[in-house]
Amino acid sequence: MALRKCFLALALTAHLSCEGSSLQVSAAGKTCVKVIGDESYTCCDLGLNEIPESLPSSLKILDFSFNAIFAIYQSTFSRLRSLRHLDLTRCLISWLYEGAFASNPDLDTLVLIGNPLMYVADTAFDGPVSLKHLFLTQTGLSDLTYIPMQNLNSLETLHLGNNYLTSIKLPTGFLGKRLKYLDFQLNNIHSISATDVENLKQATNISLILKGNYIKYIEPRSFNLSVFYTLDFAGCASSVEISVILVGLMGVNAHILRIGTFQDVADNIGIAPHMLQAICNITTAEVNLQNMHFSGLSSSTFQCLTKIQKLDLTNTGLSDLPSGISNNSLLTDLILNENSFEHACDIKLASFPFLTRLSLKRTEALQLGSGCFKDLAKLQYLDLSISGIGSSDCCSAQFQGLVSLKYLNLSYNDMHTVQDLAFQDNIHLELLDFTHTHLKVNASQKPFRNLQHLRMLNLSSSHADTSNRDLLTGLKSLVILNLKGNAFSSGIIHSSNLLQQVPNLEVLILSECELIAIDNEAFHNLTKLKYVLLNRNKLTMFSTNAFYDLRQIVLNFAENHIKIIPQKMVNGISGLSIIDLSYNPLDCSCDNIEFLTWLHKNMDKMENLEETSCSTPNALAGTRLDMVMLSCGVPVVVIVLIVVLLPLLIAASAFMILYCLKRRYHSI
C-alpha cells in the first residue's frame, strides 16, 4: 500500500511539473481583498500558488479557496501565526507534510473540502492545539486511519461527507469527548456494528449524519443507551425496509430522528403500518419521515408516535390523516407539506390539541372550509402558502378558534375577498403574509382594525387598494410593511395616504410600485422610519423632503430615472444615514457638480458605490461617481476668450502708447 501511494505521488508530481507553466498563474491585476480590518482577507479564486507576502501577519481569517498550492509544508503558513479560520477549499492539495500547521496554534477552523488528499503526515495536525472544526468533505478518503487524529481531541465538528468510507468507526486514540457534529453523509457505509459506535458513546448530544448511505444492516441495540441530539438516516433505507434501521436503533435516545428519504427516490420507498413499530423502543422528540410513501394507512400506523413533539410528514402522499395520535399527545409541531389533502378538515386536527405549529404549504387546491382549526386554541404558527387557497369571505370563519395565532402565511394563493373584519378570532397576530395573493377589499373597509399586535404585514404583489386610506386602520404596532409591486393612483404618493394609520412604522418597502413622484411630507407622520426601499420605480427626482428625519435612515432609490440631485436634498443626510443611488442614469457634468462634491466628502453615506456610475456625458458613461473629478469654476468658453484676447488687448494697448509718444516727440 505504501509503495503504491509513493508511486502515485511521484506520478502526480511528474504530471504537475509538466503542467507547471500553465499552473503558475500570475495574479496580476488581482489582489486579496480586505474584509475586516487586518484580521480578515479573501484571496478566493485568484490563481495563486503561494501565500502572498502582502498579507499581514496579524491575519486571523483567510479564505484562500479555489487556488492551487498542491502541498502544505511547515513553512506555508508559518508567517501567519494568528490564524484562526483557514479555508482551503479546492486548492488541489494532495500532501499535508510534517508540521503543516505547526506555526498556527490558535487555528480553530480548517476547511479542506474538495482536495484530493493522498498523503497526510502523522504530525500534520500537531500545531493547532484546539482545532474545533475540520472539513474533509470530498477528499477521497477511503479509510479514517489515513488521518492522524490522536491530536484532534478538541474537535467539535468533523465533516467526512462525500468520500469512500465504509465504516463509522473512529481511530483508536481519538477520544472525541467534545464532538457535537459528525458527518458521514454520502459514503459507502452499508453496515454498522456495536464496536463501530463504541467511541461515539464518549460524546453527549452529538449529531450523527449518515444520510445517503445505503445501509443494509445495523446490529440490534448497537446504539443502546447512547444519547444523540440528531440521528440522520435520511435516504439510508433505499434497499431495505425502514424497520431494519429502526430495529438497529432500539434503545437509542435522540432528540431528532430523520429516517425519511430524498424526493427523487420517494416513489420507491414505502411504509407499511408494521414498519414503524420499532419506534416504540426509541426515545425521541422529533421524527422526520419526509418523502416516504404510506401504504395501508390506518390508526395503528402512528401508534408509537404518541410521545413525540414534532412530526414531519412532508410529501408522503397523504390525503387524510387517521386519528392515530391520542388526545394526550405531546405533539406541538406538525409538518404536512406537499401532500394531497383536499380539505383541511380531512386532517382531523382535533386529534392534535396541543399543536403550536402547523405547516400545510404546497398543498394543491386546499379548501379550508369553516371551523377546521377550531380545536387548535394553542396554535401560534400556521403556514398555508402555495396551496391554491381562495375565499369569497376571508377569513374569520376559516380561522375560527385560533385565539393564540401569531404567524399566518397565506402567500402565493388565489383571491381572497374581505367582506368586513378579516381575522375576528386572531387578535394576537404579529405577522401576516399575503405575498402574491390577490386581496380584494371594498373601499373604506378596515379589515385589520382589531390586529393591535400586528408587527409585520406583507402585501407584496397583492393588488392592494392603496387608495383606501382606511386599509391599515388599527395597526398601531406595525413595524414592517411591504407594499412591493402594488400600484398607486397616477403613480404618486400624496401627502394624505394610507400610511398615516401606521405611525410606528420602521421599515417601508415600496419597490416596483410604478412610482413617478412622492409629495413633500408624504412620510412626515412616520417619525420612526429607519429603512425605506423605493428601488425599481420611475422616480426622476431624489427628494428627501418627504421624510421626517434624515439622521438615521437608509434610503434605497436604486434603479430609478434620477439624473440630477440638488445639494439641498442631501445636506440633511447625517449620522448613520445611508443612500443607495445605484443603477440610475446620473449626470456627471457640471450641472450636477454640487452633488458630486458632496459625494466625495460623504462616501460613507453611499451604498453600492461600485454600481453607482455616470450615464452622461458620453465621455464619462460607466465611470463610477467616486472616480469623477470635475473643475467647474469658470466656463471653458470664457477661459478660451481670456487666453486668446488678453494678449491681443495688451499688444494693442502697447501699440497705442508707443504711437502717442512718437507723435509727441515729432511735434517737439
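Considerations on the overall build of the chain
Each helix and strand counted, the chain has six helices and 39 strands in total. The C-alpha atoms of the chain give a radius of gyration of 35 Å, which is well past the 26 Å a tight globule of 668 residues would have. Here the chain, with 668 residues, has 47% of them falling under the buried criterion. Of the contacts formed within the chain by residues at least 6 apart in sequence, a portion of 58% connects residues at least 24 apart. If you sum the accessible surface of the chain, you get close to 31100 Å²; carbon and sulfur atoms cover 53% of it. Mean positive and mean negative side-chain charge positions of the chain (48 and 57 charges, respectively) differ by 6 Å.

Some points on the sheet that holds strand 28 (residues 439-441)
With respect to topology, three strands assemble into an open sheet ordered 24-26-28, the strand pairing being parallel. Two strands bound the open sheet, and with one partner strand each, they are strand 24 (391-394) and strand 28. Across the sheet, the mean angle separating the axes of adjacent strands is 30° when strand polarity is ignored. When strand 24 meets strand 26 (residues 416-418), the two strands line up parallel, connected through two bridges. Among the inter-strand pairings, S391 is bridged to a residue of strand 26, identified as H416.

Section: the nonpolar core
Soluble globular proteins: nonpolar side chains tend toward being buried together. Counting residues in each nonpolar core, the largest one holds 181 residues, and the members touching the most others are F233 and F523. Elements represented by at least two residues in this core include exactly strand 13 (206-209), strand 15 (227-232), helix 4 (242-248), strand 16 (253-258), strand 28 and helix 5 (593-601). Here this core gets four residues from one element, more than from any other, and that element is helix 5. Excluding residues within four positions of it along the chain, F523 makes contact with I493, L499, L508, L510, I518, L529, A546, F547 and Y548.

Quick notes on the sheet that holds strand 6 (residues 95-96)
Across the sheet, which stays open at both edges, the three strands sit in the order 4-6-8 with parallel pairing between neighbours. Every other strand in the sheet has two partners, leaving strand 4 (71-72) and strand 8 (119-120) as the edge strands with one partner each.

Some remarks on unusual backbone geometry
The linkage connecting C394 with the following residue, C395, adopts the cis geometry, with an omega of 0°. In this fold, C395 is placed in the loop between strand 24 and strand 25 (407-409). A cis geometry characterises the amide bond from T616 onward to P617, with omega recorded as -5°. Looking at the secondary structure, you find P617 in the loop between strand 39 (614-616) and helix 6 (636-667). The backbone phi angle of Q138 is positive, close to 55°, even though this residue is not glycine. As for its position among the elements, Q138 is in the loop between strand 9 (133-135) and strand 10 (157-159). With a phi close to 60°, N205 is a non-glycine residue in the positive phi region. Position of N205 relative to the elements: it lies in the loop between helix 3 (194-198) and strand 13.

A short note on the state of the cysteines
Structurally, a disulfide amounts to a covalent bond that connects the sulfur atoms of two cysteines. Taken as a whole and judged by the stated rule, the model has six disulfides. Each sulfur in the disulfide pair C280 and C304 lies 1.5 Å from the other. Since a negative S-S torsion denotes a left-handed disulfide, the C280-C304 link at about -50° is left-handed. You can see C280 sitting in the loop between strand 17 (270-271) and strand 18 (283-288) and its partner C304 sitting in the loop between strand 19 (293-294) and strand 20 (310-312), a full 24 residues away along the chain. Residue classification places C280 among the partly exposed positions, given a relative accessible area of 46%. Sequence-ordered numbering of the bonded cysteines in the chain gives a disulfide pattern of 1-2, 3-4, 5-6, 7-8, 9-11, 10-12.

Things to note about the confidence of the model for the chain
In the predicted model, the chain carries a mean pLDDT of 89, and 91% of its residues have values of at least 70. In this model residues 1-28 is a low-confidence stretch, pLDDT under 50, and it forms 20 contacts with partners more than four residues away in sequence or in other chains.

Concerning the side chain of D580
Mapped onto the elements of the fold, D580 is located in strand 36 (residues 578-580). In this structure D580 is buried but unpaired, with R536 as the nearest side chain of opposite charge at 10 Å. Side chain to side chain, D580 and N608 meet in a polar contact 2.8 Å long. Not counting the four nearest positions on each side in its chain, D580 is found in contact with L555, N556, F557, A558, E607 and N608.

Quick word on the environment of L382
With respect to the helices and strands, L382 occurs in strand 23 (residues 381-383). Residue classification places L382 among the buried residues on the basis of a relative accessible area of 0%. Sequence separation between L382 and S359 is 23 residues; the distance between their C-alpha atoms is 5.8 Å. Sequence-distant contacts of L382, that is, excluding residues within four places in its chain, are made with L358, F373, F399, L402, L405, Y407, L408 and N409.

A few points about the pattern of salt bridges
According to the stated counting rule, one finds twelve salt bridges in the structure shown. With a closest N to O distance of 2.8 Å, D626 and R624 form a salt bridge. Classification of R624 as partly exposed rests on a relative accessible area of 33%. Within the structure, one salt-bridge network assembled from shared partners comprises K484, E512, R536 and E559.

The rules we used
- Position numbers for residues start from 1 in each chain and track the written sequence from start to end.
- With pLDDT at 70 or above as the cut-off, local features in this predicted model cover only qualifying residues; side-chain atom pairs require 80 or more to be listed or tallied, and sums for whole chains, interfaces and linings still use all residues.
- The side-chain figures draw on all heavy atoms in the structure; neither hydrogens nor water molecules are used.
- Only DSSP runs of H or I covering at least 4 residues are called helices, and only runs of E covering at least 2 are called strands; the numbering of each starts at the N terminus.
- When we talk radius of gyration, it's over C-alpha atoms, and the globule rule is simply 2.2 Å times the number of residues to the 0.38.
- Residue exposure (1.4 Å probe, protein chains only): buried if accessible area is under 20% of the type maximum, exposed if over 50%, otherwise partly exposed.
- Every residue pair with non-hydrogen atoms within 4.5 Å of one another is taken to be in contact.
- Each accessible area value is a Shrake-Rupley result obtained with a 1.4 Å probe; residue values ignore everything except the protein chains displayed when judging cover.
- Neither His nor the chain ends is counted toward charge; the positive residues are Lys and Arg and the negative residues Asp and Glu.
- Charged side chains are reduced to one point each, which is NZ for Lys, CZ for Arg, CG for Asp and CD for Glu.
- One requirement defines pairing of two strands: DSSP has to find at least two bridges between them.
- For every element, the axis is a line fit to its C-alpha atoms; helices are fit only across the contacting stretch, and the angle between N-to-C directions ranges from 0 to 180 degrees.
- Throughout this description, the term nonpolar core refers to a set of buried Ala, Val, Leu, Ile, Met, Phe, Trp, Tyr and Cys residues connected via side-chain atoms within 4.5 Å.
- A pair of cysteine sulfur atoms is labelled a disulfide when the two atoms are within 2.5 Å.
- Confidence per residue, as judged by the predictor, is encoded in pLDDT with a range of 0 to 100.
- For salt bridges, the criterion is a side-chain nitrogen of Lys or Arg within 4 Å of an Asp or Glu carboxyl oxygen.
- In the analysis that follows, any N or O atom pair within 3.5 Å is treated as a polar contact, provided that within protein one partner can donate a hydrogen and the other can accept it, and provided that, for residues neighboring in sequence, both atoms belong to side chains.

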